[in-house]
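# Chain and residue survey
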Amino acid sequence: MLVVCSIGYIINDPIGGRNGGTALGYTYGIVATVGIVWLMAFGLRKRAYSSTLGTLEGWLAAHVWIGIGLLFLVPLHAGFSFGCNVHTLAYVLMVITIVTGIWGAMNYGRLSSKIESHRGGSKGRAIIEQVQSLDRDLESLITKKSDAFLSLVKRFDFRFEPGLIALLNAQSATAVDAKQAAEAMLSLPEDEREDAVSALGLIDQKVDLSRDILRESYIKMLLRVWLFIHVPVSVALCGALAIHIFSVFYMW
Amino acid sequence: MFRYVQERLSRNGSPERLTQEFPLSEIVIGRGGKSNIILTSREVALEHVVLKSEGGKHSLEDLKSLSGVRVNRKRVQVASLSAGDTIQLADVEFHVEISGEDLSLVHKISSEPIKSASQRAQQVADTLQRLQIDTYLPSMRVVSYVGLALVIACWYLWPLVSGGFALWNSGPISSGHSLISHDCLSCHALPFAHVRDADCQACHAMSEHSSGMSQVAAHHPEKTFRCAQCHMEHNGDLGVISRDARFCTGCHANLGQIEDAPKVLDVRDLDTHPQFRVSVRDGPGKKRRVPLDDKENARDQTPIKLNHAVHLKQDLRGPEGPVTLECNSCHQLDKDLRVFKPIEFADHCADCHRLGFDERLPDSEVPHVAPDEVYAALFTEYTKLLLMNTSPPLTKTLNQREREMPRGTRGTSADSAVTVDTTLVRASARDAELQLFTKTACVGCHEVTEKPIAERTDDGSRYRVTPVTIPTTWFPAARFSHGAHEPFTCESCHVGVRESERTSDLLLPPIANCKECHSQAEHPGFVTSECALCHSYHDSKSLPDRDKRDVTEYLRLLTR
């Protein structure tokens, strides 16, 4: 279809130059508007679980390909003339919407298989409960231990309270450095060294678990965050598109 | 005595105090089993601090703990205590209450020390929440609504309310309309309606274009034209005054399809442009258009005699010696540098072609005017000559004339003084007229015919000169600027001038000459030439001054 539209664009050489006001420009504009309405309808279709109006996979495929097609069709409609106006605003919003959509679709294709919980791995809740359990074990281990023991634990332990920075970086505490741990254990009383090894083992488990859940949360974040651009910008696009059509005919 | 008071809120929300008494003079607080008050915080040392009571005075001493001891937020090693002080051991805080010699350490515990299962579940849920990006971002719905509202407010409501529609501008305004580019409503006066012709003519009423368009409308009665259909704004300077050839070839490529079409040949483009055609006279009052390549018929019928070959010879006999003429000796560009000034006898011919008529009057010439006026001038000159009576040959001529007159027509002796004089003058003038018109002057360039006897009068000339109508331009429907072609010599286009002996030779260049440099399509080395390069669009006349609008009135319209 894009090839046909491009050939039509090249062949058609209207008086006054190619722009949205020519017969072909209006035609492409109507097609693009219908395309955008179709794309927006996907938001309704995906919530209509009982709908038999095509498969959701089919709708999604159409959603992606029509979106990509619009990236090229709309410039043909406008004759590649852009400016600082509501018409170009609509195009820019459409580009942002489509590009973020492509990014989201690529994320799904690339990352969704990497979510452990989708492959029978531990769910996030179970991991956090394990971390809590490890914390409790660690608390009981340090009870009535020497200050040196306590400082060793404090040196390698961390409190698992993930925030936005940790989520965006997908990084947690570093693993226990064996050499540093061995050196630190030399300062402990003999009777506490065995418990110290247990404590460091617990901390290592915490590090592993927190890394797992942060990695998974990062992937889930990537699968989600694009929507925060895609959806609001697409709504703004609808407004800009309506104003574009209104203004064109208001100033006919 | 020391008291350790744990203060917390019970499940029903009421404060609850749990007091532990130590009837000792000093107590140790720490995490270890040897401490009197045992804390579970991992930040607290096994033996963190010792509190002492002596003689009603209370003090504390840090037992070299890692995290230290703070009294009233200030880190101390040893400090005396008083009521109201705050003691911090790492993340544990005590409030000091003193009653007599008793010191109470109030430890406010905000929650149950041992978490319930539901609290742990809540903590898990909180952690899970912190691992979701949604927690840190505003609601997608809210952002959508706010974004939509912003777009509507900035790009819809603002233009409508403020009247500044720049944000709706669909393309660059042409430079010709730059003065009104800020005032969209000066053209788009009505919403949801095409730009009306009246809005265009509010400023462009001076244009003759409307009369030209009426010709087009006459051929297309079924079609109605709006100004904006052809003059497309918002496309920079390309659209408003378009030079697109299709505005012409839309009709002129196939005029046969148009009812009552003008009798001009079809033109599709410059390559198929027909040979230039000129209007030549075809009998009295009639004209005929003949293509330049029709050598037999394409001849100039203008009744003037000019031999270019003679005039361009070297060393012609001039009034002050030999003269060599060039093209621009006679053909001089007008001030618009496009066409030539008309050839005037006084300016271009009189130096060589003198209009003297009598050797006795070497300084007198007749003016280059109509025959009747020439005769009147001759009569006047001879009258003056007679009255001055300084010219014996005139008398002699008179006597000769009298002898030639039939008997009975000669003047009598009684009235001879006047009659003879008038007759003598008239006869001399007629002689000179005969010479001028038929032998020496006029006939050299003009078509001269003798008037029929019935039309002759005593005071008028006996000859008639066919009026000369040399066109200012041979192609009135086209524009051509000789000034723009100045780098080229005249003879590079007007071939054969030096060999042309007849006035009827049309020395105009054919279209093939133009095509040597001009091409409609873009070609390297060629001047891209649309129809409008040479032709106007159905109106080529300039508007009379009376119809032009004063600039102040124009500006007033702009600022209405």
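Small disclaimer: the values here were computed from a predicted structure and weren't measured.

### Points about the interface of chain A and chain B
Listed as interface residues are 58 residues of chain A and, on the opposing side, 54 residues of chain B. Carbon and sulfur atoms make up 67% of the surface buried where chain A meets chain B, a total of about 4,900 Å² over both sides. Ionic pairing is found between R246 of chain B and D13 of chain A, a salt bridge with its closest N-O pair at 3.7 Å. There are 13 residue pairs in polar contact (both at pLDDT 80 or more) connecting chain A and chain B. At 13 residues, helix α10 (residues 227-250) of chain A tops the list of elements feeding residues into the side of chain A that touches chain B. Here the residues of the side of chain A that touches chain B are counted per class, giving 33 nonpolar, 13 polar and twelve charged.

### Structural notes on the pairing of strand β10 (residues 86-89) of chain B
Residue and element names in this part refer to chain B. The side-chain alternation of β10 yields two buried faces, one formed by T86 and Q88 and the other by I87 and L89. Pairing analysis gives three bridges linking strand β7 (residues 69-71) to β10, with the strands arranged antiparallel. Across the sheet, residue R70 finds its bridge partner in β10, namely Q88. For β10 and strand β11 (residues 92-99), the ladder comprises four bridges, and the chain directions are antiparallel.

### Quick look at the packing of α10 of chain A against helix α2 (residues 140-162) of chain B
Closest axis-to-axis distance for the α10 of chain A/α2 of chain B pair is 8 Å, and the angle between their directions is 20°. Compared by their axis directions, α10 of chain A and α2 of chain B come out roughly parallel. Here α10 of chain A runs over α2 of chain B; the crossing is right-handed. Note on element contacts: α2 of chain B touches α10 of chain A through M140, V143, S144, G147, L148, V151, I152, W155, Y156 and L160 of chain B, opposite L227, F228, V231, P232, V235, A236, G239, A240, I243, F246 and Y250 of chain A. Here the residues of the contact of α10 of chain A with α2 of chain B sort into 18 nonpolar, three polar and no charged.

### A few points about the packing of helix α2 (residues 23-45) of chain A against helix α3 (residues 56-78) of chain A
Residues and elements named next belong to chain A. Their axes nearest at 9 Å, the elements α2 and α3 cross at an angle of 150°. Relative to α3, the element α2 lies roughly antiparallel. Along this stretch, α2 crosses α3, giving a crossing that reads as left-handed. Of the residues in α3, those in contact with G25, Y28, G29, V31, A32, G35, I36, W38, L39, A41, F42 and R45 of α2 are L56, W59, L60, A62, H63, I66, G67, L70, L73, V74, L76 and H77. Broken down by class, the residue content of the contact of α2 with α3 amounts to 17 nonpolar, six polar and one charged.

### Some remarks on the nonpolar core
Ranked by internal contacts, the top residues of the largest apolar core, which has 31 residues, are L152, F156, L200 and I203 of chain A. For this core, the elements supplying multiple residues, two or more each, are α5 (124-142), α6 (147-156), α8 (178-185) and α9 (190-225) of chain A together with α1 (117-130) of chain B. Ranked by residues supplied to this core, first place goes to α9 of chain A with nine residues. Ignoring sequence-local partners within four residues, the contact set of L200 of chain A consists of L152, F156, V176, A181 and M185 of chain A.

### Observations regarding the packing of aromatic side chains
Pairs of aromatic rings are described using the distance from one ring centre to the other and the angle between the two planes. Across all of its chains, the model carries 18 aromatic pairs over all chains by this definition. Summarising the aromatic geometry, the rings of Y26 of chain A and F249 of chain A are spaced 6.2 Å apart at their centres and angled 15° between planes, so their arrangement reads as stacked. Of the two residues, Y26 of chain A sits in helix α2 while F249 of chain A sits in helix α10, which places them 223 residues apart along the sequence. Relative accessible area serves as the criterion here: at 30%, Y26 of chain A is assigned to the partly exposed category. Residue F249 of chain A is classed as partly exposed on the basis of its relative accessible area of 29%. Ring geometry for F246 of chain A against Y156 of chain B: centres 5.3 Å apart, planes inclined by 75°, an arrangement best described as edge-to-face. Within this pair, whereas F246 of chain A is found in helix α10, its partner Y156 of chain B is found in helix α2, the two belonging to separate chains. Residue placement shows K206 of chain A over the ring face of F158 of chain A; its charged tip is 4.7 Å from the ring centre.

### Concerning the sheet that holds strand β5 (residues 49-54) of chain B
Residue and element names in this part refer to chain B. If you walk across this open sheet you meet the five strands as β4-β3-β5-β6-β9, and the pairing is mixed. Pairing within the sheet leaves two strands with one partner each, and these edge strands are β4 (37-38) and β9 (78-81). Pairing of strand β3 (residues 26-30) with β5, which is carried by four bridges, proceeds in the antiparallel orientation. Bridged to E26 within β5 is K52.

Definitions and limits used
Residues numbered from 1 in each chain as written. Chains lettered and ligands numbered in written order. Predicted model: local features only at pLDDT ≥ 70, side-chain atom pairs only at ≥ 80, totals over all residues. Heavy atoms only, no water. Contact = heavy atoms within 4.5 Å. Buried area = accessible area lost by both parts, 1.4 Å probe. Salt bridge = Lys/Arg side-chain N within 4 Å of Asp/Glu carboxyl O. Polar contact = N/O pair within 3.5 Å; in protein donor to acceptor, adjacent residues only side chain to side chain. Helix = DSSP H or I, 4+ residues; strand = E, 2+ residues; numbered from the N terminus. Nonpolar A, V, L, I, M, F, W, Y, C, P; charged D, E, K, R; others polar. Buried < 20%, exposed > 50% of the residue type's maximum accessible area, 1.4 Å probe, protein only. Pairing = 2+ DSSP bridges. Axes fitted to C-alpha atoms, helices over the stretch in contact; angles between N-to-C directions. Parallel < 35°, antiparallel > 145°, perpendicular 65-115°, else oblique. Left-handed = near helix turned anticlockwise from the far one by under 90°. Core = buried A, V, L, I, M, F, W, Y, C linked by side-chain atoms within 4.5 Å. Phe/Tyr/Trp six-rings, centres within 6.5 Å; stacked < 30°, edge-to-face > 60°. Lys NZ or Arg CZ within 6 Å of the ring centre and 35° of its normal.

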